[in-house]
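Fold and contact review
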Amino acid sequence: MDSAERDQLFDRATELFDGLNARDVAAIALTWVDNSGITRVKSVPLRRFAHAAAWGVGASPVFDVFLFDDWIITGRHAGGPVGDLRLHPDLDRLTVLAGQPGWAWAPADRHEQDGTPYAMDQRGAAKRAVARLAELGFAAKAGFEIEWVVGRPGTDDFVPACQGPAYGHTRQVELSDYCADLLRALDQQDIAVLQLHPEYAAGQFELSTEPEDAVGAADTAVLVKETIRAVSARHGMRASFSPKVVVGGVGNGGHLHVSLWRGETNLFVDMAPEASAFSAGVLAHLPGLCAIGCPSLASYLRLVPSHWAGAYSAWGTENRETGLRMIEGPGANLEVKCFDLTANPYLVIAGVLGAGMAGLAESLTLPDPVTVDPVTLEGVPRLPTTLVDAVEEFEKDAVLVETFGAELAATIADVRRGEIERYKDASPQGIANVTRWRH
Ligand code: GLU
Ligand code: MG
């Protein structure tokens, strides 16, 4: 980043001042998502925004080795008190937060102090994958499904904040103002919501958004989660996005929908060979991708058969028990069903696109689909059943390691192992308890 670029950013942010001020914005939250899936933040008052746009805001690289519970490990390539990075707000995604009056938000890119992109920046990894795909002549569209539960405040246990049945309209009547306020806030933030519904588990809801460019989809996932959190708090409730809120129950998923495009053509409609190759690449690398998309100990409490979590290393058309669910029709896409919301959405985008591109490069073809519940068949392989297995699969997956770069890949593995070591004696209920309100 040279001084002309910095001047340009300063001027652009300065031009935004009056509009933000008129909307009563006091401060701008600059967020990034760490390797454990936690959205971290530094904020600047409105008057400091132009400076932040040009020069960034300081943040230690130690965040790369934070665990989800704020424990800090020493990684092979990160950790310790030395060094500093700069958080640069993406002005194109600046959003006034309807769910948090007085605040605006922008996703941040992490740069070195001299302005060069930081090699282990997760959003940077997603951008690099998108750029590589563009070089091959393709674009991806993506969207994350967000599932969450609402609980009563004042307790770390989960006490559902509504009683109505699964998919029952009762829940939306009980929480009528909440649901309307949430949809209104998202609309005011220019989020194109496709659908909201009460989900299966107690107090559970789900919301999906329109497909968009892949980095934008990861930004949207962050913004939707933080909006749900904020609106829930304003309605006196707590939101949990944990993969397993209560042991034995149905979890929260964070399914990724992705489609591959050449120009205006969605290659998943009528399954062009490139869409099949891309999907076959994702399938081939799905065990290693679990360390990215199912990155927590709690992920493996969720990733079990017969819970619609997609626990099998297989695909099927409209099959909700395979890791990959193929969706046909005009909006055809590949749904990665096994992922959950402890994942960093930027890492998810980078990993899935990297795997898909490997499938394209090798012109892979999909194996036969699984057309029934895989639990009824012999020999359909499971995805990793523990975080330990997932990290091993990840580390031996040369495509994924190359996608992230050796340093970021090693740091991701270090963070996973840190979590494994710290909770090696914890029970499933203990893991659910410590994870419940973190992400
Ligand atoms: N809650 C399920 C999960 O853990 C998903 C249910 C659905 O198919 O939407 O992923
Ligand atoms: Mg669902």
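Residues numbered from 1 in each chain as written. Chains lettered and ligands numbered in written order. Predicted model: local features only at pLDDT ≥ 70, side-chain atom pairs only at ≥ 80, totals over all residues. Heavy atoms only, no water.

1. What to know about the coordination of the magnesium ion (ligand 2)
- All of the protein donors around the magnesium ion (ligand 2) are Glu 147 (OE), Glu 199 (OE) and Glu 206 (OE); their distances to the metal are 1.9 to 2.1 Å.
- If you list the donors of the magnesium ion (ligand 2) from N- to C-terminus, the spacing comes out as E-x51-E-x6-E. On the criterion of sequence distance, the pair formed by Glu 147 in strand E8 (residues 146–151) and Glu 206 in strand E10 (residues 204–209) is long-range, its members being 59 residues apart.
- Of the residues examined, Glu 206 reaches a relative accessible area of 8% and is grouped as buried. (Donors = N, O, S within 2.8 Å, 3.2 Å for Na, K, Ca; no water. Helix = DSSP H or I, 4+ residues; strand = E, 2+ residues; numbered from the N terminus. Buried < 20%, exposed > 50% of the residue type's maximum accessible area, 1.4 Å probe, protein only.)

2. Things to note about the pattern of salt bridges
- Here the structure, examined in full by the defined rule, presents 23 salt bridges.
- Of the charged contacts, one joins Arg 325 and Glu 335 as a salt bridge, the two residues approaching to 2.7 Å between their closest N and O atoms. In this pair, Arg 325 sits in strand E16 (residues 322–327) while Glu 335 sits in strand E17 (residues 333–336), placing the two residues 10 residues apart along the sequence. No difference in accessibility class separates Arg 325 from Glu 335, as the two residues are buried.
- Shared partners join several salt bridges into a network, and the residues in it are Asp 90, Asp 109, Arg 123, Lys 127 and Asp 219. (Salt bridge = Lys/Arg side-chain N within 4 Å of Asp/Glu carboxyl O.)

3. Comments concerning the nonpolar core
- In terms of nonpolar packing, the biggest core is built from 135 residues, with Trp 148, Tyr 178, Leu 256, Leu 286, Phe 339 and Leu 353 touching the most fellow members.
- Those residues in contact with Phe 339, other than ones at most four positions away along the chain, are Gly 253, Gly 254, His 255, Leu 256, Leu 286, Leu 289, Gly 293, Cys 294, Arg 302, Val 348 and Val 352. (Core = buried A, V, L, I, M, F, W, Y, C linked by side-chain atoms within 4.5 Å. Contact = heavy atoms within 4.5 Å.)

4. So, unusual backbone geometry
- A positive phi angle, near 65°, is found at Asp 270, a position not held by glycine.
- Mapping Asp 270 onto the fold places it in the loop between strand E14 (265–266) and helix H7 (273–284).
- On the accessibility criterion, Asp 270 (75% relative accessible area) is exposed.
- One non-glycine residue, Ser 306, adopts positive backbone phi at about 65°.
- Locating Ser 306 in the fold gives a position in the loop between helix H9 (299–302) and strand E15 (312–317).

5. Side note on the site of ligand 1
- Lining the immediate environment of ligand 1, one finds Glu 147, Glu 199, Glu 206, Val 250, Gly 251, Asn 252, Gly 253, His 255, Arg 302, Trp 308 and Lys 337.
- In this structure, a nitrogen atom belonging to ligand 1 sits 2.9 Å away from a main-chain N or O atom of Gly 251.
- Between ligand 1 and His 255 there is a distance of 2.7 Å, counted from an oxygen atom to a side-chain nitrogen or oxygen.
- Out of a free accessible area of 300 Å², ligand 1 has 94% covered by protein chains. (Near = heavy atom within 4 Å. Polar contact = N/O pair within 3.5 Å; in protein donor to acceptor, adjacent residues only side chain to side chain. Areas by Shrake-Rupley, 256 points an atom, 1.4 Å probe, with all protein chains shown as cover.)

6. Some thoughts on the sheet that holds E10
- Strand order across the open sheet formed by 4 strands is E9-E10-E8-E12, with antiparallel pairing between neighbours. The sheet is open, and its two edges are formed by strand E9 (193–198) and strand E12 (238–240), each paired on a single side. Within this sheet the neighbouring strands show an average axis-to-axis angle of 25°, counted without direction.
- Across 5 bridges, the pairing between E9 and E10 is antiparallel. Paired with Gln 195 across the two strands is Ser 208, which belongs to E10.
- Here helix H6 (residues 214–234) sits on the sheet and contacts E8, E10 and E12; the angle it forms with E8, its principal contact strand, is near 15°. (Pairing = 2+ DSSP bridges. Axes fitted to C-alpha atoms, helices over the stretch in contact; angles between N-to-C directions.)

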